Amino acid sequence: MEQQPPAGQDPSPVPGSPPTCYRHPDRKTGIRCTRCERPICPECMVDASVGFQCPDCVREGSGTGHHPGANRPRTVAGGTVAADPRLVTKILLGINAAVFIAVLAAGDRLLDELLLFGRAYSSDGLEGVAEGQWYRLVTSTFLHQEVWHIAFNMLGLWWLGGPLEAALGRARYLALYLLSGLAGSALTYLIAAPQQGSLGASGSIFGLLGATAVLMRRMNYDMRPVIALLALNLLFTFTWGGIAWEAHVGGLVAGVAIAIAMVHAPRERRNLVQYGTCALVLVAVIGIVLARTAALS
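Residues numbered from 1 in each chain as written. Predicted model: local features only at pLDDT ≥ 70, side-chain atom pairs only at ≥ 80, totals over all residues. Heavy atoms only, no water.

Trainee: Hey, could you run me through the pattern of salt bridges in this one?
Mentor: Side-chain pairs of opposite charge can arise whenever the charged atoms involved come near each other. Considering all chains together, one arrives at six salt bridges under this definition. Glu131 is the partner of Arg119 in a salt bridge, and the nearest nitrogen-oxygen pair spans 2.7 Å. Here the residue Arg119 occupies a position in the loop between helix H3 (108–114) and strand E3 (120–122), and Glu131 occupies one in the loop between strand E4 (125–127) and helix H4 (136–139), the gap between them amounting to twelve residues. A salt bridge links Asp222 to Arg224; the shortest N-O distance between them is 3.0 Å. What makes Asp222 partly exposed here is its relative accessible area of 40%. (Salt bridge = Lys/Arg side-chain N within 4 Å of Asp/Glu carboxyl O. Helix = DSSP H or I, 4+ residues; strand = E, 2+ residues; numbered from the N terminus. Buried < 20%, exposed > 50% of the residue type's maximum accessible area, 1.4 Å probe, protein only.)

Trainee: Any chance you could explain unusual backbone geometry here in plain terms?
Mentor: One non-glycine residue, Glu37, lies in the positive phi region at around 70°. Under the relative-accessibility criterion, Glu37 is labelled exposed at 51%. The backbone of Asn220 sits at a positive phi, close to 60°, despite the residue not being glycine. Assignment of secondary structure puts Asn220 in the loop between helix H7 (202–218) and helix H8 (224–239). For Asn220, a relative accessible area of 53% corresponds to the exposed category.

Trainee: Honestly, a nonpolar patch on the surface in this entry has me stumped. Any pointers?
Mentor: On the surface, a nonpolar cluster with roughly 330 Å² of combined accessible area is contributed by Trp134, Leu282, Ile286 and Leu290. Note on placement: Trp134 falls in the loop between E4 and H4. (Patch = residues over 30% accessible without salt bridge, like charges linked within 9 Å, V, L, I, M, F, W, Y side chains within 5 Å. Areas by Shrake-Rupley, 256 points an atom, 1.4 Å probe, with all protein chains shown as cover.)

Trainee: Quick question: what am I supposed to make of the side chain of Thr237 here?
Mentor: Relative to the assigned elements, Thr237 resides in helix H8. Of note is the side chain of Thr237, whose polar atom sits 2.7 Å from the side chain of His248. (Polar contact = N/O pair within 3.5 Å; in protein donor to acceptor, adjacent residues only side chain to side chain.)

Trainee: Explanation requested: the packing of aromatic side chains in the structure shown.
Mentor: Any two aromatic rings considered together are summarised by their centre-to-centre distance and by the angle between their planes. In this structure the tally under the stated criterion is three aromatic pairs. Ring geometry for Phe142 and Tyr177: centres 6.4 Å apart, planes at 45°, overall tilted. Taken as a pair, Phe142 in the loop between H4 and helix H5 (147–168) and Tyr177 in helix H6 (residues 170–191) lie far apart in primary sequence, 35 residues in all. Positioned above the aromatic ring of Tyr22, the side-chain terminus of Arg38 is 4.0 Å from the ring centre. Over the aromatic face of Trp158 sits the side chain of Arg86, whose NZ or CZ is 4.2 Å from the ring centroid. (Phe/Tyr/Trp six-rings, centres within 6.5 Å; stacked < 30°, edge-to-face > 60°. Lys NZ or Arg CZ within 6 Å of the ring centre and 35° of its normal.)

Structural measurements only, silent on function.
Okay, structure coming up:
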């Protein structure tokens, strides 16, 4: 059983070092509960009328005089606090793994059916997004052919996805992941040669990376590690051959925009700002696809 320090006690053992979450001593944080002032990490943060509170204060009713059940725990983005903060991440991992195994079993035929490309001739004639196969914008984001490719992307998904899912909530996190992938596919469709194929979850992963940077800035965390990771990934994106940089850039831009709306939206207009931003990203994706399709027709 995990021991917890008394209210108001800083669990940091080293004077001058950043405090750590009172429920997760291995996680440094710059946020404290507005009621008891204990340090709390994103997973433990519950949205309050002013700032954030810890789960203990929420269970006690937060000193409002109301029944504890009247204060519904919320994440930093206003989502519901879930018992398993990695459930959606696990499901996404499972889908990517299942598609990878299916492609290994079925071969190139299934790969060609799910691959993203604008327009190209095949044994069945002209195919591609420009021919009405819009589903390729989505299926390609779950498609991998090489072991190293899926391993790298799934490692990024697990490492970045869990904390983001805990901080945003399941629905908002899933919207971030899917829209980042779609934005990456749309930019690839717009810029890449019509016959050039593209696949992989990299657009979604770059969206998660951008969102992580936004969240860390919001939480007053040390930005140097995530900036270094982002710089390294962008270096690989533009120097290694065979990488669809358009998907990486598109996913990154969408992820940053959505994350800003998620964690900085004013409380009184939170849903409007968050869902409105997601809708704008989707409209932009549709607009890009329509424009490119018209150009190729």
